[in-house]
Number of protein chains: 2
Amino acid sequence: MKLATWNVNSLRVRLPQVIDWLQQNPVDVLCLQELKLPQDKFPLDALQAIGYQAVWAGQPTYNGVALISKTEGTQVQRNIPHFEDPQQRVIAATYDSAKGPIRVISAYCPNGQAPDSDKYIYKMQWFAALENWLSDELQHYPHLAILGDYNVAPTDLDVHDPKKWEGKIHVSPAERAAWQKLIDLGLHDAFRHIHPEDPGFTWWDYRRGAFRRNAGLRIDHALLSTPLLTHCSDCLVDKSPRANEQPSDHTPVIVQLDL
Amino acid sequence: MKLATWNVNSLRVRLPQVIDWLQQNPVDVLCLQELKLPQDKFPLDALQAIGYQAVWAGQPTYNGVALISKTEGTQVQRNIPHFEDPQQRVIAATYDSAKGPIRVISAYCPNGQAPDSDKYIYKMQWFAALENWLSDELQHYPHLAILGDYNVAPTDLDVHDPKKWEGKIHVSPAERAAWQKLIDLGLHDAFRHIHPEDPGFTWWDYRRGAFRRNAGLRIDHALLSTPLLTHCSDCLVDKSPRANEQPSDHTPVIVQLDL
DNA sequence: GTAGGCGTCG
DNA sequence: CGACGCCTAC
């Protein structure tokens with residue numbers, strides 16, 4: 001079973017690339033973030049035409065997440081329960097595997113703007129709510145995978161120029177502490193587990209030729225529950241879509257689960 | 001010698017189509033309208049790369065005209081003399097031919113919005129200034145051609161559905177009278193001269209599949225001075241660019257001058 | 001319907 | 001830099 005995550009930065013604009021990518025990479029579940037389209041504008045037909053199903057949570061202009069899958073997802077959950085939020089940042093569904101149900105979550109964690117901003121406070125509250133919810137989910141679903149754009153680079157290895165990023169969002173101590181709390185729930189960073197030394201950047205700023213200079217961050221992650229990690233044989237970043245014509249600033253991360 | 005006119009509705013967007021069209025149709029002078037780019041953003045390099053020169057008058061967002069030519073134009077005139085106007089709607093230059101100099105003008109006449117609007121008044125004033133200037137120009141340049149988007153359909157033959165257009169801009173009596181005053185200067189409608197019966201639409205609204213239904217207007221014209229008309233052996237509308245992927249709403253008009 | 005700007009976001 | 005919504009223009 002293959003899972004993947006991709007912040008597409010507008011599904012309307014990126015749909016041809018997503019279709020193309022899925023045909024080249026027929027993963028079982030693709031988690032999307034930043035759909036940037038209202039609930040009723042989701043391009044379900046185009047995805048069904050290539051043999052995929054989908055569940056999604058959209059809103060106009062901002063955010064929006066989806067799960068694109070070969071089989072139908074059940075127990076679909078939009079947003080974090082008990083965390084009232086007009087922003088659509090989470091969708092979860094359960095998929096069948098040979099080893100029983102797998103809970104898959106697509107998450108678009110807040111960006112946080114700047115460490116002294118209201119949006120940073122929201123980011124921290126959001127992570128607290130996520131952690132609280134995940135501790136619950138892990139009770140119900142031992143096989144749990146949460147993939148998405150975390151907007152956190154967990155360590156300096158995940159940052160092209162740690163000096164430059166000091167004191168900025170994505171790397172601040174509070175954000176890294178929030179990340180650690182997720183890990184402490186019994187979740188594992190699949191890419192870092194497989195590649196202890198590879199930076200594995202997943203995002204490059206559109207500006208100043210960041211991709212060309214490989215001036216990136218690793219902020220898109222696949223977190224796996226301990227029982228799932230035992231089945232994880234590979235995790236990789238597919239840099240190629242970042243070199244497309246009209247690219248997203250993020251690129252996909254793929255996890256191979258042998259089950 | 002071949003002259004042509006094309007309202008491109010953003011040269012930035014249409015540049016590849018213009019390059020392509022010039023390579024298929026290596027006219028001597030191409031008059032462009034609605035560049036929609038500031039003076040310093042004109043894509044001179046791309047045109048030079050295919051062997052063309054250019055003079056232009058740009059402004060941000062709106063209007064803007066150019067003369068793209070194989071040989072250098074001289075006595076370049078931007079705007080109508082003695083008619084102060086921040087809107088860039090006219091550029092003129094002189095080109096050499098076997099029979100002596102030819103004055104070529106690219107004109108983007110005002111749209112006029114609606115017959116009861118301020119913009120309509122401006123349109124009428126603009127035409128008066130144009131007429132005044134052209135009577136002068138004709139004294140200096142017996143071989144004069146003024147090509148462009150006139151935003152006037154001279155007769156009902158130039159309108160797909162004259163009933164529907166009654167009382168609207170492009171066809172109002174005052175606009176047609178302004179057109180007639182240009183004709184009365186000793187200018188001749190090249191297309192209508194060659195094709196007395198062919199509607200020869202040059203513009204189709206982007207909306208409601210107007211091009212598919214051929215619901216167009218003939219509002220782009222080549223006017224020739226009497227001495228030039230004697231050399232005019234053909235005039236045609238090239239509808240093909242209107243069928244392009246991201247088309248302008250206008251399509252080129254080409255004049256063949258045997259000199 | 002298809003342009004370009006602006007302001008906002010990331 | 002490149003999304004979107006809103007505005008204006010044609």
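Residues numbered from 1 in each chain as written. Chains lettered and ligands numbered in written order. Predicted model: local features only at pLDDT ≥ 70, side-chain atom pairs only at ≥ 80, totals over all residues. Heavy atoms only, no water.

Draft legend 1. Quick peek at the overall build of chain A. Each helix and strand counted, chain A has seven helices and 14 strands in total. Relative to the compact-globule value of 18 Å for 259 residues, chain A shows a C-alpha radius of gyration of 17 Å, a close match. Among the 259 residues that make up chain A, the fraction classed as buried is 58%. (Helix = DSSP H or I, 4+ residues; strand = E, 2+ residues; numbered from the N terminus. Rg over C-alpha atoms; globule rule 2.2 N^0.38 Å. Buried < 20%, exposed > 50% of the residue type's maximum accessible area, 1.4 Å probe, protein only.)

Draft legend 2. Inspection of the side chain of B:Q59 at higher detail. Residues and elements named next belong to chain B. For Q59, the position within the fold is in the loop between β3 (53–57) and β4 (65–69). Residue Q59 is classed as buried on the basis of its relative accessible area of 13%. Side-chain polar atoms of Q59 contact the side chain of N63, separated by 3.3 Å. (Polar contact = N/O pair within 3.5 Å; in protein donor to acceptor, adjacent residues only side chain to side chain.)

Draft legend 3. Structural view of the protein's contact with DNA strand D. Neighbouring DNA strand D are 13 residues; A:S10, A:R14, A:T61, A:Y206 and B:N111 lie closest to it. For DNA strand D, the fraction of protein-proximal atoms (within 4 Å) that sit in sugar or phosphate groups is 85%. Note that a phosphate oxygen of DNA strand D is positioned 2.9 Å from one of the side-chain N or O atoms of A:S10. With respect to DNA strand D, the side chain of B:K119 contributes an N or O atom lying 3.3 Å from a sugar or linking oxygen. Looking at the surface near DNA strand D element by element, the count peaks at three residues for helix α1 (residues 11–24) of chain A. The class makeup of the residues in the surface near DNA strand D is four nonpolar, four polar and five charged. (Near = heavy atom within 4 Å. Nonpolar A, V, L, I, M, F, W, Y, C, P; charged D, E, K, R; others polar.)

Draft legend 4. Highlighting α1(A). All names here are of chain A. Of all bends in α1, the biggest is about 35°, found at Q17. Considered for burial, the residues of α1 that qualify are L11, R14, L15, Q17, V18, I19, W21 and L22. Packed against the buried residues of α1 are β1 (2–7), β2 (29–33), α2 (44–48), β4 (65–69) and β14 (253–257). (Bend = angle between axes of the 7 residues up to and from the residue. Contact = heavy atoms within 4.5 Å.)

Draft legend 5. Broad picture of the protein's contact with DNA strand C. Neighbouring residues of DNA strand C: 13 residues in total, closest A:N111, B:S10, B:R14, B:Y206 and B:Q246. Of everything in DNA strand C that lies within 4 Å of the protein, sugar and phosphate atoms constitute 78%. B:S10 is positioned with one of its side-chain polar atoms (N or O) 2.7 Å from a phosphate oxygen of DNA strand C. One nitrogen or oxygen atom from the side chain of B:R14 is found 3.0 Å from a phosphate oxygen belonging to DNA strand C. Residue contributions to the surface near DNA strand C peak at three residues, all from helix α1 (residues 11–24) of chain B.

Draft legend 6. Spotlight on the pattern of salt bridges. All names here are of chain A. In total, this model carries 14 salt bridges over all chains according to the counting rule given. Between R207 and D205 there is a salt bridge, with its nearest N and O atoms 2.9 Å apart. The class for R207 is exposed, based on a relative accessible area of 53%. Within this structure, D158, D189, R192 and R218 form a network of salt bridges that share partners. (Salt bridge = Lys/Arg side-chain N within 4 Å of Asp/Glu carboxyl O.)

Draft legend 7. Summary view of the packing of helix α3 (residues 118–140) of chain A against helix α5 (residues 173–184) of chain A. Residue and element names in this part refer to chain A. Across the interface, α3 lies against α5 with an axial gap of 10 Å and an inter-helix angle of 10°. The angle between α3 and α5 falls in the class roughly parallel. Facing Y120, K123, M124, F127, L130, E131 and L134 of α3, the residues of α5 in contact are A174, E175, A178, K181 and L182. Looking at the contact of α3 with α5, its residues break down into eight nonpolar, no polar and four charged. (Axes fitted to C-alpha atoms, helices over the stretch in contact; angles between N-to-C directions. Parallel < 35°, antiparallel > 145°, perpendicular 65-115°, else oblique.)

Draft legend 8. Region of interest: the sheet that holds strand β1 (residues 2–7) of chain B. Residue and element names in this part refer to chain B. Within the open sheet, the six strands sit side by side as β3-β4-β2-β1-β14-β13. Their pairing is mixed. The open sheet has two edge strands with one neighbour each: β3 and β13 (232–237). This sheet shows a mean twist of 15° between the axes of neighbouring strands, independent of strand direction. When β3 meets β4, the two strands line up antiparallel, connected through five bridges. (Pairing = 2+ DSSP bridges.)

Draft legend 9. Highlighting unusual backbone geometry. The phi dihedral of A:T61 falls on the positive side, at around 75°, and the residue is not glycine. For A:T61, the location among the structural elements is in the loop between β3 (53–57) and β4. On the accessibility criterion, A:T61 (47% relative accessible area) is partly exposed. Positive phi values are uncommon outside glycine, yet B:E34 reaches one of about 55°. Here B:E34 lies in the loop between β2 (29–33) and α2 (44–48). The exposure class assigned to B:E34 is buried, which follows from its relative accessible area of 13%.

Draft legend 10. Quick peek at the packing of aromatic side chains. Residue and element names in this part refer to chain B. The tally for this structure, following the rule as stated, stands at 12 aromatic pairs over all chains. Taking the centre distance of 5.7 Å and the plane angle of 85° together, the rings of W126 and F127 count as edge-to-face. As far as the burial class goes, W126 and F127 line up, both buried. (Phe/Tyr/Trp six-rings, centres within 6.5 Å; stacked < 30°, edge-to-face > 60°.)

Draft legend 11. Seen up close, the pairing of strand β8 (residues 144–149) of chain A. All names here are of chain A. Of all the six residues making up β8, six are buried; the element is thus mostly covered by neighbouring parts of the structure. Two strands pair when backbone bridges link them, and strand β7 (residues 102–108) and β8 are joined in this way by six bridges, in the parallel orientation. When the sheet's bridge partners are listed, S106 is paired in β8 with L147.

Draft legend 12. Local environment of the sheet that holds β14(A). Residues and elements named next belong to chain A. An order of β3-β4-β2-β1-β14-β13 is seen for the six strands of this open sheet, with the pairing classed as mixed. The open sheet has two edge strands with one neighbour each: β3 and β13 (232–237). Between one strand axis and the next, the sheet turns by 15° as a mean value, whatever way the strands run. As paired strands, β13 and β14 are joined by five bridges and run antiparallel to one another. Bridge pairing in β14 links L236 to I254.

Draft legend 13. Inspection of the pairing of β4(B) at higher detail. Residues and elements named next belong to chain B. Among the five residues of β4, five are classified as buried, and the element is accordingly described as predominantly covered. Residues V65, L67 and S69 point to one face of β4 and A66 and I68 to the other, with burial holding for every one of them. For β2 and β4, the ladder comprises five bridges, and the chain directions are antiparallel. The residue bridging L32 from the neighbouring strand is A66, located in β4.

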